[in-house]
Structures are given as structure tokens and as C-alpha cells.
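The primary structure of each chain is shown beneath.
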Amino acid sequence: MTKSPSIYTSTAISHPQNISACQAHKIGKVKSRVALALAASFLLTACAGPSTNSDNRPEKQVEAKAQNTASEEQIESIQVSSSRASEHELQRISVSEAKLIQNRSKRMNVLNDMASSSQFHAEVDWDSQAINNENYESPNIGSVKLTTQDPVSTFSVDVDTGSYTNTRRMLNQGMLPPTDAIRIEEFINYFDYDYGVPPDMNQPFSVNTDVSSAPWNEQRHLLRVALKGYLPDIADSKGSNLVFLLDVSGSMNQSNKLPLLKRSLLMLSKQLQANDKVAIVVYAGASGVVLEPTNGNNRAEIEKALMQLQAGGSTNGGAVIQLAYNLAEQSYIQGGVNRVILATDGDFNVGMSDHDALISMIEKKREKGIALTTLGFGQGNYNDHLMEQLADAGNGNYAYIDTINEARKVLVDELQSTMQIIAKDVKVQVEFNPATVAEYRLIGYENRALANEDFNNDEVDAGDIGAGHTVTALYEISLQSSSSKYNSALRYTDGAENENKTLAELGNELAYVKLRYKAPNSDTSNLIETAVTKDKIVAFQQQSTDFKFAVAVSAFAQRLKESKFASDISYPWIIETAMENKGRDDFGYRNEFLQLVRNAQQLAEQTMPPANLDKANENMNEQVYSQLRN
């Protein structure tokens with residue numbers, strides 16, 4: 001079932017054009033609550049004009065503009081209609097605006113000048129220049145389940161990472177991401193963890209379980225279910241059959257889109273060998289084959305085809321996807337990697353615009369053993385929701401490429417796990433023991449939830465695991481003995497007394513974990529089972545470095561998603577925990593995570609709380625002065 005996307009709109013703000021003097025203007029009867037930080041930004045930029053005692057000569061006005069802390073090249077002049085702007089959008093606008101004001105001292109000078117003036121005027125209109133439309137899915141945050149009512153949790157594994165890197169892009173640009181863009185499991189699974197490796201392919205991944213007290217509430221606990229995929233010897237590879245399906249439409253004509261895409265695929269192509277095959281198909285207003293299936297060691301030919309690509313035209317993705325799959329079938333390698341790699345900003349606006357039909361076609365192709373990986377690029381019109389859907393339908397994975405370093409991570413360092421599937425349709429089912437566990441919630445995986453009856457149904461599709469991949473899932477649980485539960489005790493539960501007497505015999509068990517998976521060339525699933533017992537419980541501080549770092553990452557994602565369960569989690573705690581548990585960080589990903597958390601903390605502190613937004617109409621100037629001076 002296709003889930004309806006939400007639209008994230010981010011807009012840059014400038015000082016109004018028709019302000020000739022600081023004149024008193026009381027903003028009243030606005031339906032939307034205007035953020036004080038946004039008002040401050042208007043004051044600082046707009047009131048840089050002449051005061052009541054200033055010289056109105058043109059050359060003096062030019063000089064005043066030159067002293068403004070945010071240049072006109074940085075901020076476009078628009079009007080904002082507060083009657084249509086949502087609270088969260090205004091908060092994000094204020095954050096973006098604040099990032100453009102780099103010089104604190106200049107800002108305070110302007111504020112002091114403004115304070116001596118008696119008048120101010122600003123008109124706003126939200127719809128005049130909306131410059132950013134990005135599609136995100138909006139899954140509901142998972143709820144807390146009572147084990148006496150719903151003891152079983154079932155979900156599909158996920159190895160996508162696009163949500164984390166897309167969020168990184170926004171934070172590095174000085175914007176808090178929309179909550180819909182946050183998928184907690186993709187934050188956790190972006191990082192590699194040192195789990196035990198299975199000895200061979202007889203069982204393609206190891207299953208690890210750990211339990212600790214929750215660091216934000218000692219009366220609750222965390223259960224980790226973790227998988228580690230087997231990493232075959234690359235010498236045993238039978239080769240890769242790759243078809244690059246590349247968007248070269250006009251929307252890709254930006255430095256962080258097609259040029260970055262070409263450099264990324266050049267890096268990938270240098271990893272290929274003589275027994276590999278590569279083809280390139282492009283799509284725009286017209287589409288076609290740029291490179292027929294070519295041996296992987298013919299790097300000069302592959303590089304020539306990539307370097308001649310230019311952006312232009314509109315996106316016609318539907319028809320050419322069929323062409324890409326035809327080429328993949330033509331060069332199919334039995335027992336090898338057969339994959340289409342779709343690289344785009346997700347802006348399908350011509351051709352097969354019916355996304356349901358597109359997804360249905362991709363699902364049929366995966367039955368022939370051809371997977372689909374999606375690589376997202378760029379911003380502004382980015383369609384995150386579609387990119388994730390297509391990868392899921394194609395038994396592949398989705399990554400967002402925001403930098404050349406990320407391209408190296410996905411297409412060089414993790415090439416084998418990105419491309420080679422070692423287990424497909426991997427499902428996890430956890431049954432909690434009502435005698436010991438009162439309630440639980442799965443942290444993340446909202447759009448990976450499965451019906452309990454789907455676990456044993458081999459016809460139901462689920463996620464795939466690549467060679468060497470790690471997959472981590474965290475549950476927050478409350479034991480029956482806990483004094484801190486989300487739910488009140490039930491007075492009436494059918495059969496609870498008799499059931500608990502039976503379950504008392506299993507009083508040492510917290511949960512029973514089951515996993516189903518299929519071998520890459522099989523349609524019949526295998527089952528792995530393991531019990532989680534009380535003796536696994538240890539204090540959080542005694543847990544492994546990887547455990548504590550994963551919890552810090554999950555906490556960060558919950559804060560960004562504005563989860564109601566994150567009220568006890570602070571940014572300082574996340575920073576301290578992650579810093580103390582970076583562990584081995586060969587590529588600097590964990591250190592980079594720390595910088596992102598610090599960025600998010602600063603941006604969050606600059607965002608005005610809703611309680612203050614309500615006061616904007618009453619005494620705007622006084623509120624603005626107070627907030628800026630603090």
C-alpha cells in the first residue's frame with residue numbers, strides 16, 4: 001500500500017523591499033504564531049535602513065545596506081503569509097535565518113540602533129517564493145504495547161541509510177530537518193558495529209541479543225537485537241552485472257547532482273574486474289543506452305561514457321527503467337550480482353508518473369533475480385519517499401549521496417555489502433513474556449512493520465541483508481516490577497490469572513526472538529530462534545561501547561523526530577555518551593556524528609518554543625530584544 005507523502009517546504013527570507021524608515025507597526029490578529037527569532041531577523045535586516053535621524057541620500061542607503069550582516073546574495077527578498085505558515089515551518093525558517101547572521105557583534109550593533117528607533121514595518125507572504133519542495137513519508141511514531149494484549153512484535157529488517165545522510169546535509173546547511181525525514185533505524189544502521197561474525201554461509205548471519213537498563217530511566221530497560229552478515233571471500237565472487245540507470249534531466253544540472261554522480265560512479269567502476277559487466281542507460285526528455293554491456297576492466301570505455309553525460313530535458317524515468325532491466329537480463333550472471341543502480345533526485349515528472357505501476361514493475365523484475373539500488377542526489381525537489389519505496393520494491397538498498405566521501409563509503413568501502421545479497425526476506429519477530437515484561441515499544445522501523453501472521457508466510461516480501469551488513473533494532477521495555485510504566489495496570493484481562501500461572505514457569509525469560517530468512521536463490525525460509533533471559537540484564541554503563549553508541553544515535557534520531565518518548569533525553573547526554581563510546585573510528589563517521597549533534601543542539605536552541613510564539617503579537621519589540629540579548 002502506497003503511503004501518502006508529505007511536502008517539506010523550506011524558504012529563505014530577506015529584508016522587505018519597501019522599508020524607507022523604522023516606523024511603528026503593531027502586528028495584530030495574525031492567525032499563525034510568528035516566531036520571535038524570525039521577527040528578530042526581520043528587525044535586523046529591515047531596520048538596517050535609516051533611522052529618524054539618518055541621512056536619506058542614496059549613497060548613505062547603499063552604505064547602510066553594505067553593513068548588513070546577511071548579504072542580499074545570501075537572502076532572497078520574499079513575503080511570508082503568517083496565516084498559512086505552520087509553526088514548525090516558521091521555526092525552521094528562523095533557524096535557517098539565524099545561521100546566515102554570522103557576526104554577533106554586528107548584530108548587537110544593529111539591535112542597539114533599532115532600539116533607539118521608534119518605528120518598524122514588515123509585511124510577509126509565505127507563498128510568494130517557495131523555493132524548496134521535498135517529498136517525505138510521514139509514518140506515525142510506534143506506540144507502547146501492553147504485553148498482556150499484544151505480546152508479539154514483527155518487522156522487516158532495514159539496511160537503508162538515506163535518512164541519516166539526507167539529514168546530515170540539512171544540518172550542515174544550517175537547517176533542522178523536517179520530522180518526516182527522520183527514520184530512526186536508518187540512523188542506527190548507518191554505523192558498523194563489532195558483532196560476532198558467522199563462520200560460514202550455512203547460517204548467513206549471527207544473532208546477538210543484549211539487555212541493559214535505560215540510561216534515561218533506570219526503571220526501564222533496552223533490548224538490542226542485532227545481526228551481522230557473513231562476508232564471503234571476494235575471490236569467490238562470480239562477478240557483478242551492473243546497469244547504471246542515470247537521471248540526466250535538467251533538474252540534475254547542479255554541482256551536487258550530476259557532477260557528484262559522475263565522480264561517484266567513476267570510483268565504483270575502478271573496483272570492477274574482468275568478470276564484471278557494466279552498462280549505462282540515461283533518461284531525460286529522450287533516453288537510451290550510452291554504454292552497451294562492457295567488461296568491468298575496460299575502464300577507459302566506462303570513464304568515457306560517464307564523462308560525456310550532460311544534464312538537460314525533463315525526467316522520463318518510466319520507459320527507460322524497462323530498458324535498463326532488459327540489459328540486466330541480457331548479461332545475467334548465474335550466481336553472481338545482478339543489479340540496476342538508479343541514480344536520481346527522484347523527480348519523475350514525465351513518463352511513468354504512476355508510482356504504483358512503477359513499483360509493481362520493479363517487484364516483478366526482482367523475481368527474476370535482478371535487484372535495484374537507489375542512490376539519491378541533490379535537494380530542492382528531492383523525492384526521498386519515492387527513492388525508499390523503489391529500493392524496497394527492488395530487494396535493494398537506498399543511500400543518499402551528499403558528498404564524495406559518502407560516495408566512497410557506499411560504492412567503495414562497502415561495495416560488497418551494498419551489492420551482494422547473502423539473505424533475502426529477512427523478518428524478525430519478538431514475543432515478550434507477560435510474566436516478566438509489562439510493556440514494550442520498538443524504536444524506529446515504523447514503516448517496516450509486518451502483521452504477525454506475515455512472519456510465517458513466505459509469500460510476504462521483507463528486507464535483504466548484504467555481505468557483512470550489520471542490522472540493529474532496539475526495544476524499550478518496562479518489567480513487571482518497574483515503577484515507571486507508560487500504561488496503567490488493567491483491571492480486567494481475560495484469562496490473565498490462569499495465563500500468568502502458566503507463564504510463571506518461564507519466569508526467567510524476557511522474550512523469545514525468532515528470525516526468518518531465505519537463501520538468495522531459494523523461495524523457502526529458514527528459522528532461527530533464541531531466548532532472551534533475565535541474566536542478560538546489565539547496567540547501561542557496563543554495556544559494550546557499540547551498545548552505548550547505538551543508543552546515543554537512536555536518542556539523537558528520536559530528538560530530531562520530536563518523539564514524545566524523548567523528553568528525558570538531552571543533547572548534552574547524547575554528546576557525552578557518543579564521545580565516550582566512539583571506539584574505533586577508522587573513517588571518522590562517529591566523530592562526524594558528534595559534530596552533527598552539536599549543530600542540531602545549537603539550531604534547536606535558536607528555535608523559539610511555542611509558548612513564546614503566542615506572545616509575538618502582544619509586545620513584539622520587547623520580546624525580540626530580550627531573546628537576542630539572552
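All residue numbers refer to position in the chain's written sequence, counted from 1. The predicted origin of the model limits local features to residues at a pLDDT of at least 70 and limits the giving and counting of side-chain atom pairs to 80 or more, whereas totals for whole chains, interfaces and linings rest on all residues. Derived side-chain values reflect all non-hydrogen atoms in the structure, with water molecules and hydrogen atoms excluded from consideration.

1. A few points about the sheet that holds strand 14 (residues 437-443)
Reasoning step 1: Reading across the sheet, the 6 strands line up as 3-14-16-6-5-19 and stay open at both edges, with mixed pairing between neighbours. Edge positions in the sheet fall to strand 3 (145-146) and strand 19 (537-538), since each has one partner strand and no second.
Reasoning step 2: Bridge analysis of strand 6 (residues 217-229) against strand 16 (residues 470-479) gives 8 bridges, and the strand direction is antiparallel. The partner of Leu 222 across the bridge, within strand 16, is Glu 476.
Reasoning step 3: Its contacts with the sheet put helix 15 (residues 545-560) on strand 5 (205-214), strand 6, strand 14 and strand 16, and the angle it makes with strand 6 is roughly 110°. A pair of strands is considered paired only if DSSP assigns at least 2 bridges between the two. Helical segments are the DSSP runs of H or I of at least four residues, strand segments are the runs of E of at least two, and each set is numbered from the N terminus. Any two residues whose heavy atoms approach within 4.5 Å are treated as being in contact. Structural elements are reduced to axes, namely lines fitted to C-alpha atoms, with helices fitted over the stretch in contact, and the angle between N-to-C directions of any two is expressed from 0 to 180 degrees.

2. Considering unusual backbone geometry
Reasoning step 1: Backbone geometry at Asn 395 places phi at a positive 55°, although glycine is not the residue there.
Reasoning step 2: Along the polypeptide, Asn 395 turns up in the loop between helix 11 (384-393) and strand 12 (398-400).
Reasoning step 3: Only protein chains enter the calculation, and the probe is 1.4 Å; a residue is then buried if its accessible area is under 20% of its type maximum, exposed if over 50%, and partly exposed in between. The class of Asn 395 is buried, set by a relative accessible area of 12%.
Reasoning step 4: Of note in this structure, Glu 562 is not a glycine but carries a positive phi near 60°.
Reasoning step 5: The class for Glu 562 is partly exposed, based on a relative accessible area of 46%.

3. Things to note about the packing of helix 15 against helix 16 (residues 571-580)
Reasoning step 1: Across the interface, helix 15 lies against helix 16 with an axial gap of 9 Å and an inter-helix angle of 155°. On the basis of the axis angle, helix 15 is roughly antiparallel to helix 16. For the pair helix 15 and helix 16, the crossing hand works out as left-handed. Along its contact with helix 15, which presents Lys 548, Phe 549, Val 551, Ala 552, Ala 555, Phe 556, Arg 559 and Leu 560, the element helix 16 presents Tyr 571, Trp 573, Ile 574, Thr 577 and Ala 578. Our angle categories are set so that under 35 degrees counts as roughly parallel, over 145 as roughly antiparallel, 65 to 115 as roughly perpendicular, and the remainder as oblique. Handedness of a crossing follows from how the near helix is turned relative to the far one, being left-handed for an anticlockwise turn of less than a right angle and right-handed for a clockwise one.

4. Quick look at the environment of Gly 288
Reasoning step 1: Mapping Gly 288 onto the fold places it in strand 9 (residues 287-295).
Reasoning step 2: Relative accessible area serves as the criterion here: at 18%, Gly 288 is assigned to the buried category.
Reasoning step 3: Here the alpha-carbon distance between Gly 288 and Ala 319, two residues 31 residues apart in the chain, equals 9.9 Å.
Reasoning step 4: Apart from the residues lying within four places of it in its own chain, the contact partners of Gly 288 are Ile 280, Val 281, Val 282, Val 320 and Leu 323.

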